[in-house]
Every structure is written in structure tokens, then in C-alpha cells.
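Fold and contact review
One letter stands for each residue in the lines below.
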Amino acid sequence: MCGVDENLFICWPLGSYSGNKSANMSGLQCLATENIWFDKQRYDEAERRFYEGVNGPSSPQQQSSSHGGGDQELVSRMKSLELENQTLHKVVQEMRAALQKLESRVVMLEKSPAAAAVPCAKAAPVQAAPVKQVKVENGDDDDDDDIDLFGSDDDDEEATRLKQERLDAYAAKKAKKPALIAKSSIILDVKPWDDETDMAQLEQCVRSVQMDGLLWGASKLVPVGYGIKKLQINCVVEDDKVGTDILEEEITKFEDFVQSVDVAAFNKI
């Protein structure tokens with residue numbers, strides 16, 4: 001092996017061909033004797049052994065993994081598709097079996113009403129029970145007199161008496177029951193003439209109105225404006241005895257205090 005320095009060879013100065021002919025010939029002779037490129041296989045083998053010593057020997061499966069990786073994935077996918085296909089076949093078979101059972105049951109149900117109707121049509125008609133005839137023997141005249149075909153007058157009188165007693169008891173019970181009295185709750189607005197009106201005296205005048213079926217309740221003063229207040233008073237009346245017209249007429253009689261009376265609210269109780 002010739003120890004030619006490649007960098008030195010590259011850095012040689014370029015000169016005329018005649019001046020460097022001897023130097024070029026010596027370099028070519030060295031390259032001719034160099035056999036590193038002809039022994040490349042031996043160097044590759046040495047490199048492989050070096051890496052095997054560092055990483056360990058490579059198995060045949062690892063060597064073929066790069067080539068057969070795609071094939072293994074394809075095989076696994078085919079196997080999964082085959083399993084899925086088998087499962088679908090089983091499901092289809094089960095559905096077919098269930099459908100056949102359902103069809104057979106429907107056919108049996110369609111046939112059963114017709115089969116049940118035939119015995120009913122062939123059944124013998126029900127015969128009516130024989131009526132026993134009672135023979136009336138002719139007896140004496142005394143026996144005929146004892147039989148009362150139309151009943152006696154005493155029974156009619158007793159039934160009428162019982163009916164009348166029940167009607168009287170019902171009427172007495174109804175009379176004792178208290179009758180429902182219809183009542184109403186009324187709120188009245190009593191307005192004075194001006195702000196100088198004595199509202200306490202006005203309220204006394206309103207409450208002085210007394211009649212059967214009238215009961216006065218709570219009251220209050222509600223501002224209207226400009227210092228004037230109105231009296232708002234509540235009362236409970238019996239509808240059959242007291243009406244709003246009578247109340248308004250009686251309250252407006254106090255002309256010195258009352259200007260007007262209005263119904264603010266009217267509710268049935």
C-alpha cells in the first residue's frame with residue numbers, strides 16, 4: 001500500500017505538463033499499486049463484524065422485518081376480516097332461525113281461530129228446561145174462598161201509612177236543617193267635601209247606620225290629594241236583606257259630611 005497523502009496530492013501546484021510529468025507518474029504508480037477499492041467486500045465484512053460486536057448479532061427475523069413488515073400487517077388485517085365475516089354469518093343464521101320460528105307461530109295463530117270455531121258450530125243447541133205443569137185440582141167451595149187473588153185492603157192501608165210516615169220524617173229533618181244564607185263583603189269609599197271635614201265624625205255617622213243583616217268592619221283613611229282623605233270602610237251584608245243601594249242612600253243622608261259614596265269592592269262569601 002502506498003501512503004499517498006490525498007490532500008497533498010490535491011494541493012500540488014498546477015504547472016506545465018512537462019515540468020510535473022515526473023511527479024504525476026509517481027502518483028499514478030502509487031494509485032496503480034493501491035488495492036483498497038478492489039477489496040471493498042472485505043472491508044464491508046469487517047465493518048459488519050464491528051457493528052455486530054457492538055450491538056450483538058442480528059437475527060434473521062430482524063433482517064427480514066423491514067421486507068416483511070407490510071406483509072404481516074396485510075395478513076393480520078385479512079385474519080381480522082375473516083373473523084368478522086364468520087361472526088356476521090352466525091348473526092345472519094340466528095336471525096333466519098328466529099324469523100322462521102315467528103312465521104311458524106303466526107301460521108299457528110291464524111289456524112287456531114278457525115279450528116276453535118268448528119266445534120262451536122257443531123255443538124248441540126241448548127235445550128230449554130222443561131216446565132213443570134201444575135195441575136189445579138177442583139176442591140170445595142170453601143177452599144176457593146180462602147184464596148185472595150187481589151190482596152186485601154188492609155195491606156194497602158198499611159203501605160200508605162208507612163209511606164206517609166217516611167215523608168213526614170223527611171220533611172221534619174229538612175226543616176231542622178239551617179238554610180244557607182248568602183253573604184257578601186263590600187268595601188265602600190266615602191268621600192268628604194274638603195280637607196276641613198272631621199273624618200272621625202264622618203266615620204261615626206257612617207257606623208250609625210244599623211239594619212238587620214249589616215255588620216260593619218275595619219276602616220282606614222286613604223289620601224286622595226290636596227290634603228283630602230277619604231274613608232274606606234268594610235262591611236258584611238246578607239244579600240236578601242241589605243243591598244248597596246240602601247247603604248248609599250242611608251250614608252248620603254249625612255249631607256254635612258258626605259259628598260259621595262262609591263263601591264270599591266264587592267265579593268261573595
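Because the structure is a prediction, the values reported are computed rather than measured.

**Comments concerning the environment of S219**
Inspection of the secondary structure assignment puts S219 in strand β2 (residues 214-225). Given the relative accessible area of 27%, S219 is considered partly exposed. Along the backbone, S219 and C235 are 16 residues apart, and their C-alpha atoms lie at a distance of 9.2 Å. Setting aside residues no more than four positions away along its own chain, S219 makes contact with E203, R207, L231, Q232 and I233. A polar contact is formed between the side chain of S219 and the side chain of E203, at a distance of 2.7 Å. A polar contact of 3.4 Å, which involves the side chain of S219, links it to the side chain of R207.

**Observations concerning the nonpolar core**
Core analysis: the largest hydrophobic core is formed by 18 residues, its most contacted members being L188, V190, V206, L214, W216, L247 and I251. Elements with a minimum of two residues in this core: β1 (183-192), α7 (199-207), β2, β3 (228-238), α8 (244-251) and β4 (258-268). Considering each element in turn, this core owes the most residues, four residues, to β3. Setting aside residues no more than four positions away along its own chain, V190 makes contact with L202, V206, K230, L231, I251, V258, S260 and V261.

**Section: the pattern of salt bridges**
Going through the model one piece at a time under the given rule, you end up with 12 salt bridges. When the shortest N-O distance is used, the salt bridge between D212 and K241 registers 3.2 Å. Of this pair, D212 sits in the loop between α7 and β2 while K241 is found in the loop between β3 and α8, placing the two residues 29 residues apart along the sequence. Here the salt bridges share partners, and the residues they tie into one network are E45, R48, R49 and E52.

**Quick word on the sheet that holds β3**
In a beta sheet, neighbouring strands are held together by backbone hydrogen bonds and run either parallel or antiparallel to one another. Spatial strand order, β2-β3-β1-β4: four strands in an open sheet with antiparallel pairing. Strands at the two margins of the open sheet, each flanked by one partner only, are β2 and β4. Averaged over all adjacent pairs, the angle separating strand axes in this sheet is 20°, with direction ignored. As paired strands, β1 and β3 are joined by eight bridges and run antiparallel to one another. Paired with S184 across the strands is V237, a residue of β3. The strands touched by α7 are β1, β2, β3 and β4; relative to β3, the strand with the most contacts, the crossing angle is about 15°. Most of the contacts of α8 go to β4, to which it runs at about 155°, and overall it touches β1, β2, β3 and β4.

About the cut-offs
Residues numbered from 1 in each chain as written. Predicted model: local features only at pLDDT ≥ 70, side-chain atom pairs only at ≥ 80, totals over all residues. Heavy atoms only, no water. Helix = DSSP H or I, 4+ residues; strand = E, 2+ residues; numbered from the N terminus. Buried < 20%, exposed > 50% of the residue type's maximum accessible area, 1.4 Å probe, protein only. Contact = heavy atoms within 4.5 Å. Polar contact = N/O pair within 3.5 Å; in protein donor to acceptor, adjacent residues only side chain to side chain. Core = buried A, V, L, I, M, F, W, Y, C linked by side-chain atoms within 4.5 Å. Salt bridge = Lys/Arg side-chain N within 4 Å of Asp/Glu carboxyl O. Pairing = 2+ DSSP bridges. Axes fitted to C-alpha atoms, helices over the stretch in contact; angles between N-to-C directions.

So yeah, pure geometry; function would need other evidence.
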